[in-house]
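Read off the chains here:
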Amino acid sequence: VQLMESGGGSVQAGDSLRLSCTTSDPEFSRFTMAWFRQSPGMEREFVGRISWDGFFKTYADSVKDRFIISRDNKVKSIYLQMNNLEPADTAIYYCAAREPIEDAEYHSWGQGTQVTVSA
């Protein structure tokens, strides 16, 4: 599965950004999708995930109430609406796909999109 993120950029604290992740894979609608991020010198961090039907969403505590994940299976895309951004949100953001099975590993990753938040 080839995934491509877009929408990153440089913003100031308190601003919003919306990231997108898209694919042409015809199996997209059955995958659980997720967002991760990685800052320089840090391990990759889970941000949130969304079930194949968009009904179930899970967020990391650090982004809960600020970030919203959504998906549109018709256009094979997921989105990450990021509100009230903080400098600590600065990272490369990746989308990933996995089978809709409990604890399945993510088998496909995008190339990432940079988000930089200045104070």
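See above for the structure.
Residues numbered from 1 in each chain as written. Predicted model: local features only at pLDDT ≥ 70, side-chain atom pairs only at ≥ 80, totals over all residues. Heavy atoms only, no water.

**Q** When you look at the packing of aromatic side chains in this model, what are you seeing that I'm missing?
**A** By convention here, two paired aromatic rings are described through the distance between centres and the angle between planes. For the structure on display, the rule yields five aromatic pairs. Between the aromatic rings of Phe-36 and Phe-46, the centroid separation amounts to 5.7 Å while the plane-to-plane angle is 75°, which identifies the pairing as edge-to-face. Of this pair, Phe-36 sits in strand E4 (residues 32-38) while Phe-46 sits in strand E5 (residues 45-50), and the two are ten residues apart along the sequence. Owing to a relative accessible area of 10%, Phe-36 belongs among the buried residues under this scheme. For Phe-46, a relative accessible area of 24% puts it in the partly exposed group. Taking the centre distance of 4.9 Å and the plane angle of 55° together, the rings of Phe-36 and Trp-109 count as tilted. In this pair, Phe-36 sits in strand E4 while Trp-109 sits in strand E10 (residues 108-109), placing the two residues 73 residues apart along the sequence. Judged by its relative accessible area of 27%, Trp-109 falls in the partly exposed class. (Phe/Tyr/Trp six-rings, centres within 6.5 Å; stacked < 30°, edge-to-face > 60°. Helix = DSSP H or I, 4+ residues; strand = E, 2+ residues; numbered from the N terminus. Buried < 20%, exposed > 50% of the residue type's maximum accessible area, 1.4 Å probe, protein only.)

**Q** Mind showing me how you'd approach the pairing of strand E9 (residues 91-98) here?
**A** The element E9 is extensively covered by neighbouring structure, given that seven of its eight residues are classed as buried. By the bridge criterion, seven bridges tie E4 to E9 in an arrangement that is antiparallel. The partner of Met-33 across the bridge, within E9, is Ala-97. Where E9 lies against strand E11 (residues 113-118), three bridges are found, and the strand directions are antiparallel. By the bridge assignment for E11, Ala-91 is matched with Val-115. As paired elements, E9 and E10 share two bridges and run antiparallel to each other. Note that in E10 the partner of Ala-96 across the bridge is Trp-109. (Pairing = 2+ DSSP bridges.)

**Q** I tried to follow the pairing of strand E7 (residues 67-72) on my own but got confused; where do I start?
**A** Successive side chains on a regular strand alternate, one facing one side of the sheet and the next facing the other. Going residue by residue along E7, you find Phe-67, Ile-69 and Arg-71 tucked away on one face and Ile-68, Ser-70 and Asp-72 left uncovered on the opposite face. Alignment of E7 against strand E8 (residues 77-82), held across six bridges, turns out to be antiparallel. Each residue of the ladder has a partner; that of Arg-71, found in E8, is Ile-78. Linking E7 to E8, which pair antiparallel, is a turn of four residues; within it Lys-76 sits at a positive phi near 55°.

That is the geometry; function is a separate question.
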